[in-house]
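Below, each chain spelled out in residue letters.
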Amino acid sequence: VVGAGTMGAGIAQVISYSGLPVVLRDVNQELVDKGIARIREIYDGRVKKGKMNSSDAEQKMALITGTTKLDDFKDVDIAIEAVPEKMDLKKKVFSELDQVLPQGAILSSNTSALSISELGAATKRPGRVIGLHFFFPAHVMKLIEVIPGLATEEEVITDTIAFSESLRKIPIRVAECAGFLINRLLMPYLNEAAFCLQEGAAGLREIDEAAVQFGLPMGPFTSVDNLGLDVCSDVVKVLLESYGNRMQPAAIWQKLYDKKRFGVKTGGGFYAYPGGGDDPILKQCIQEAQQVSKKKGTKFSIERIMYPMVNEAVLCLQECVAKAGDIDLGLIAGVGFPQDKG
């Protein structure tokens, strides 16, 4: 796994938990150590909850090797790149990995929105390049999107699906398109919730509570604060470029972004952290956004934020992005959509 950040560390933990040895690499030792510490935290959490004993946890930890050297990848069967969502950076990593990996190794990317075909073109093995998109947090979320590029060989797709299943995950095959499947469905929902907040249709907690009452594991704003508004912003740019107006973000996103309110990791986003209390800066952002949009006093309903997601699902089905059953499965396992709502 290349990249020992939150996602990379989570993915490495999942692999070690399934009993496979894993090499976790980052550009300096401090980042590697942070990643290993994050994995230990996950295992410690399992031990505290009585889900495993400490000697089992130590055995799993022993399967993880931290490194700053790419040469330590010369014996791996599959490399998973989990560096920030910047195409140039990912291409550089792919090109470097291509030179050290064994000839038959699979090169995969944990990208949430970028082109797999373009990444494959940065290597001499485009047929062995594939998207392997885990969801945050990787050790909890069951879903994996498996995204073949234009040149990906069928055998690589089959092997990647089998590998995902060996990690006790639920893989779904998704055709390459901007945002793939889950982010395409999630963003219109998160965005409509932001429009509701910005227009004063309902308050922050009211919208989040309505989503939880509907059956989702958390509300849209809690989700964004945990994912990171900066990460969502990267995805929105890709979606906007490809799908135009229907992905036009609410003005409040940019207002928060400009103030570097990226969520939990920066101590404030839609809510204030730690604790998730009310953030006085949000009020100011709402007023500024209303001045831009000149729209307020609209009505809120749970349907208003759910229907854009349903509409996008129908478009994905029409465009053969995924099968109907996989779209349903993706929403249940990747977003936490309540099964009883059909």
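In this report, the structure presented in the accompanying data block is examined. Values in this document were obtained by computation on a predicted structure and should not be read as measured data. (Residues numbered from 1 in each chain as written. Predicted model: local features only at pLDDT ≥ 70, side-chain atom pairs only at ≥ 80, totals over all residues. Heavy atoms only, no water.)

## Some points on the side chain of Asn191
Tracing the chain through its elements places Asn191 in helix H7 (residues 182-198). With relative accessibility at 8%, the residue Asn191 sits in the buried group. Setting aside chain neighbours within four positions, we find Asn191 in contact with Met247, Gln248, Pro249, Ala250 and Trp253. (Helix = DSSP H or I, 4+ residues; strand = E, 2+ residues; numbered from the N terminus. Buried < 20%, exposed > 50% of the residue type's maximum accessible area, 1.4 Å probe, protein only. Contact = heavy atoms within 4.5 Å.)

## What about the nonpolar core?
Judged by nonpolar contacts, the single largest core of 83 residues is most densely connected at Phe73, Leu97, Leu181, Tyr189, Leu197, Ile252 and Phe270. The element that contributes the greatest number of residues to this core is H7, accounting for ten residues. Setting aside residues up to four positions removed in sequence, Phe73 forms contacts with Val1, Val2, Val23, Arg25, Thr67, Ala79, Leu97, Val100, Leu101 and Pro102. Judged by nonpolar contacts, the second largest core, of 30 residues, contains Val22, Ala57, Phe134 and Val156. (Core = buried A, V, L, I, M, F, W, Y, C linked by side-chain atoms within 4.5 Å.)

## Concerning the layout of surface pockets
Its boundaries defined by the atoms lining it, the second largest pocket holds a volume of some 390 Å³. Elements that contribute at least two residues to the lining of the second largest pocket include exactly helix H13 (302-318) and helix H14 (324-335). The greatest single-element share of the lining of the second largest pocket, amounting to nine residues, is contributed by H13. (1 Å grid on protein atoms, 1.4 Å probe; cavity = no way out; pocket = protein on both sides within 12 Å on 5 of 7 lines; lining within 4 Å. Points joined across faces, edges and corners; volume = space filled by probe spheres on them.)

## Considering helix H12 (residues 280-293)
Between its first and last C-alpha, H12 extends 21 Å over 14 residues, near the 20 Å set by a 1.5 Å rise per residue. Those residues of H12 that fall on the buried side of the exposure criterion are Leu282, Cys285, Ile286, Ala289 and Gln290. Buried residues in H12, looked at end-on, bunch into an arc of 140°, giving them a common side. Opposite the buried face of H12, by more than 90 degrees, sit the exposed residues Pro280, Lys283 and Gln291. For H12, the elements touching its buried residues are H7, helix H8 (204-214) and helix H11 (251-258). Downstream of H12 by a residue or two, Lys294 has a phi angle that is positive, lying close to 55°. (Expected span 1.5 Å × (residues − 1). Arc of directions from axis to C-beta.)

## What about unusual backbone geometry?
Of note, the bond from Phe136 into Pro137 is cis; its omega dihedral lies within 30 degrees of zero at -10°. Structurally, Pro137 is set in the loop between strand S5 (129-134) and strand S6 (143-148). Following Tyr273, the chain continues to Pro274 via a peptide bond in cis, the omega torsion being 0°. If you check the backbone angles, Phe180 has positive phi at about 55° while not being a glycine. Looking at the element boundaries, Phe180 is found in the loop between strand S7 (170-173) and H7. Relative accessible area serves as the criterion here: at 0%, Phe180 is assigned to the buried category.

## Observations concerning the pattern of salt bridges
Any two side chains of opposite charge can pair, given that their charged atoms come close. Taken as a whole, this structure holds 20 salt bridges when the rule is applied. For Arg173, the salt bridge is made with Glu154, and the minimal N-O distance between the two is 3.0 Å. A residue pair is termed long-range when its members are at least 10 positions apart, and Arg173 in strand S7 and Glu154 in helix H6 (residues 154-166) qualify at 19 residues. On the basis of relative accessible area, Glu154 is assigned to the partly exposed category, the value being 48%. For the salt bridge of Arg246 with Glu312, the shortest nitrogen-to-oxygen distance reads 2.8 Å. You can see Arg246 sitting in the loop between helix H10 (229-243) and H11 and its partner Glu312 sitting in helix H13, a full 66 residues away along the chain. Judged by its relative accessible area of 40%, Arg246 is partly exposed. One salt-bridge network, in which partners are shared between bridges, spans Arg184, Arg246, Glu312 and Glu319. (Salt bridge = Lys/Arg side-chain N within 4 Å of Asp/Glu carboxyl O.)

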